[in-house]
Amino acid sequence: MEASRRVPLLLLAIIGCSVSLVCHAQIPIPARTDGFVYGGKPPAWGETVVVEAFFDPVCPDSRDAWPALKKAVEHYGSRMSVVVHLFPLPYHSYAFIACRSIHTVNKINPSFVYPLLEKFFKCQEGYYNQPTYAKSRATVVDEITKNLVASIIGETNLATYKAGFNDSQSDQAARISFKNGCARGVTGTPYFFVNGIPINDSGSPLDYKYWISILDPLVGMM
C-alpha cells in the first residue's frame with residue numbers, strides 16, 4: 001500500500017513542477033520594443049505623457065475608441081506620445097491574422113501601419129466570426145490582401161507582403177504582442193495605460209472629454 005501511494009504522489013509532484021515551469025516561462029524578448037508609435041513621436045519618458053493602447057483590429061470597441069484618442073493626440077501634439085499594441089482576442093477568429101497582417105506591412109514600411117489599422121476598423125464587420133464561418137483561412141487571407149492591404153501598400157509591394165505574411169517573423173511578432181499584453185494584465189480591448197499606469201475604465205471606448213480630463217493635469221505638470 002505504501003509503495004502504491006508513492007507513485008501518485010510522485011506523479012503529482014512532476015505535474016506540479018511542469019505547471020510551475022510553464023507559468024514562469026520567459027516571455028520572448030523582441031528585437032525592438034513592442035508597439036507602433038502614432039504620429040512619429042517616440043515615447044520620451046519624463047518628457048511627454050505616454051499613452052499605450054491595446055487594440056484588436058477586429059474589435060468594435062477598439063474601433064470606437066480610436067477616434068477620441070487620435071483627436072487627443074492632435075490636441076496635445078508633441079507633449080503626448082501614443083503607442084498602440086496589437087492584442088488579438090482569441091474569441092475573434094481572424095484577429096491574429098489581422099495582427100500578423102499589420103506586423104507584415106510594418107516590415108515593408110512603418111508608414112503603412114496606421115492606414116491599415118484604420119482600414120481594418122472601417123471594414124472589420126466583414127471579418128467577424130459569422131461572415132467568415134464558412135470560409136477557409138486561405139480565402140479570408142486572400143480577401144484581406146485584395147480588399148484591405150493592396151490599396152495601402154500598392155501592387156508593387158504585394159509580392160513582398162505575401163512572402164512576409166507566410167514567414168515565421170510576423171507570426172512571432174503577433175505572438176509577442178499578445179504575450180506582452182497578458183504579462184501586463186490586459187484582459188480585453190481596448191485597454192489603456194497612461195505613463196505605465198492602467199486606466200480603470202479600460203475595456204470600453206473612452207470619449208474625448210474623458211481623455212482631456214486625464215491628460216490636462218499631467219500635461220500641465222510637464
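Each remark here, short or long, concerns the structure printed above.
Anyway, here's the lowdown on the structure attached to this text.

Calculation rules
- Residues numbered from 1 in each chain as written.
- Predicted model: local features only at pLDDT ≥ 70, side-chain atom pairs only at ≥ 80, totals over all residues.
- Heavy atoms only, no water.
- Pairing = 2+ DSSP bridges.
- Helix = DSSP H or I, 4+ residues; strand = E, 2+ residues; numbered from the N terminus.
- Core = buried A, V, L, I, M, F, W, Y, C linked by side-chain atoms within 4.5 Å.
- Buried < 20%, exposed > 50% of the residue type's maximum accessible area, 1.4 Å probe, protein only.
- Polar contact = N/O pair within 3.5 Å; in protein donor to acceptor, adjacent residues only side chain to side chain.
- Contact = heavy atoms within 4.5 Å.
- Axes fitted to C-alpha atoms, helices over the stretch in contact; angles between N-to-C directions.
- Left-handed = near helix turned anticlockwise from the far one by under 90°.
- Nonpolar A, V, L, I, M, F, W, Y, C, P; charged D, E, K, R; others polar.
- Salt bridge = Lys/Arg side-chain N within 4 Å of Asp/Glu carboxyl O.

### What to know about the sheet that holds strand β1 (residues 36-38)
- Taken in spatial order, the 5 strands make up an open sheet running β1-β3-β2-β4-β5, and their pairing is mixed. In the strand order of this sheet, the two ends are held by β1 and β5 (197-198), each with one partner.
- Where strand β2 (residues 49-55) meets strand β3 (residues 80-86), 7 bridges bridge the pair, whose relative direction is parallel. The residue bridging Val51 from the neighbouring strand is Val82, located in β3.

### Digging into the nonpolar core
- Ranked by internal contacts, the top residues of the largest apolar core, which has 54 residues, are Phe55, Leu69, Met80, Ile144, Phe192, Trp211 and Leu215.
- Counting 6 residues, the second largest nonpolar core, distinct from the first, contains Leu89, Val186, Tyr191 and Phe193.

### Focus: the side chain of Thr48
- One can find Thr48 in the loop between β1 and β2.
- By relative accessible area, which is 10% here, Thr48 ends up buried.
- Among the polar contacts listed, one links the side chain of Thr48 to the side chain of Ser81, at a separation of 3.0 Å.
- Apart from residues lying up to four places away in sequence, Thr48 is in contact with Pro43, Ser78, Arg79, Met80, Ser81, Asn195 and Met222.

### Examining unusual backbone geometry
- A cis amide bond links Thr189 to the next residue, Pro190, at an omega of 0°.
- Mapped onto the elements, Pro190 comes out in the loop between α8 (168-183) and β4 (191-194).
- Of note in this structure, Asn195 is not a glycine but carries a positive phi near 50°.
- Judged by relative accessible area, which is 35%, Asn195 ranks as partly exposed.

### Some words on the packing of helix α2 (residues 60-76) against helix α9 (residues 208-220)
- At a closest axis distance of 9 Å, the pairing of α2 and α9 adopts a crossing angle of 35°. Crossing of α2 over α9 shows right-handed handedness. Residue-level inspection shows Ala68, Leu69, Lys71, Ala72, His75 and Tyr76 of α2 in contact with α9, the latter providing Tyr208, Trp211, Ile212, Leu215, Asp216 and Val219.
- Among the residues making up the contact of α2 with α9, the classes are represented as 9 nonpolar, 1 polar and 2 charged.

### A word on the pattern of salt bridges
- Going through the model one piece at a time under the given rule, you end up with 8 salt bridges.
- Two residues, Asp64 and Arg63, come together in a salt bridge whose shortest N-O distance is 3.0 Å.
- Overall, Asp64 belongs to the partly exposed group, its relative accessible area being 41%.
- The partly exposed category is assigned to Arg63, whose relative accessible area is 23%.
- A salt bridge links Asp171 to Arg175, with the shortest nitrogen-to-oxygen separation between them at 2.7 Å. Residue Asp171 and its partner Arg175 are located together in helix α8, separated by 4 residues, close to a single helical turn.
- For Asp171, a relative accessible area of 17% puts it in the buried group.
- Residue classification places Arg175 among the partly exposed residues on the basis of a relative accessible area of 44%.

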